[in-house]
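Structural description and commentary
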Amino acid sequence: MPHLDAAYRFARWLSRSAVEADDIVQEAFLRAFRAFDTLRGGEVKAWLFTIVRNCHATALQQQRRRGEVGLPREHDSPPGREAIAATPDPESASIEQDQRRMLDQLIAALPEEHREVLLLREMEDMSYREIAAVTQVPIGTVMSRLARARAALKLRWLQQAEGEPHAVR
């Protein structure tokens, strides 16, 4: 249970939908509960995130099989937006919100394998070993995907920043 919020955030980033994330986390916790006695070692968070990732993959396969594509809902916002602190200055708050929105869009535009390792490392503060266990790839692959994700995110951020209109003084 201490990893429920982290598992939900991870599922939300994977699925890009609050409703799907709820279903994924519920299924993951049911699977984890059923298989708890098979857990060996102390890396519970990595084990749970592996289950969340597998539940997401299963849900994605089922969705593709059915041929359904969910439409975004107006009240769905990217994860993390609720954590933005209120600032006394409306202009600063607006700028921060725009930057957060742009960052969320840029992260969402990354390939899934890059987005996964970036979120697990930067948002969930998991070690390379834990990320390798969750994604079931070698640590070297985790490191290269993380480096590529960071480089792509930086490049896209700079491109977006250059393309933004600037205020006239």
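This text goes with the structure placed above it.
Residues numbered from 1 in each chain as written. Predicted model: local features only at pLDDT ≥ 70, side-chain atom pairs only at ≥ 80, totals over all residues. Heavy atoms only, no water.

1. A closer look at the side chain of His-56
To keep it simple, the criterion reads: Starting at the N terminus, helices and strands are each numbered in turn, a helix being any DSSP run of H or I of at least four residues and a strand any DSSP run of E of at least two. For the exposure calls, accessible area comes from a 1.4 Å probe over protein chains only, and a residue counts as buried if that area is under 20% of its type's maximum, exposed if over 50%, partly exposed in between. By definition, residues are in contact when any of their heavy atoms lie within 4.5 Å.
Topologically, His-56 is positioned in helix 3 (residues 44-66). Classification of His-56 as buried rests on a relative accessible area of 6%. The residues contacting His-56, other than those within four sequence positions of it, are Leu-14, Ser-15, Ile-24 and Glu-112.

2. Here we look at the pattern of salt bridges
Rule in force here: For this analysis, a salt bridge means a side-chain nitrogen from Lys or Arg found within 4 Å of a carboxyl oxygen belonging to Asp or Glu.
Considering all chains together, one arrives at five salt bridges under this definition. The salt bridge involving Arg-53 is made with Glu-116; its shortest N-O contact spans 2.8 Å. Taken together, the residues span a long stretch of sequence, with Arg-53 in helix 3 and Glu-116 in helix 5 (residues 112-123) at a distance of 63 residues. Notably, a salt bridge pairs Glu-122 with Arg-150, separated by 2.2 Å at the nearest N-O pair. You can see Glu-122 sitting in helix 5 and its partner Arg-150 sitting in helix 7 (residues 139-163), a full 28 residues away along the chain. Residue classification places Glu-122 among the partly exposed positions, given a relative accessible area of 46%.

3. Topic: the nonpolar core
For clarity, the threshold we go by: Among buried residues, those of type Ala, Val, Leu, Ile, Met, Phe, Trp, Tyr and Cys that are joined through side-chain atoms within 4.5 Å constitute a nonpolar core. Segment limits for the domains were obtained from an automatic or database-derived domain assignment.
In this structure, Phe-10, Phe-49, Val-52, Leu-118, Leu-120, Met-126 and Val-134 are the most contacted members of the largest nonpolar core, which totals 36 residues. Among the elements of the structure, helix 1 (4-15), helix 2 (18-34), helix 3, helix 4 (90-109), helix 5, helix 6 (128-135) and helix 7 are those that each provide at least two residues to this core. Per-element accounting of this core gives the leading share, seven residues, to helix 3. Of the residues that make up this core, three or more belong to each of domain 1 (1-77) and domain 2 (90-169).

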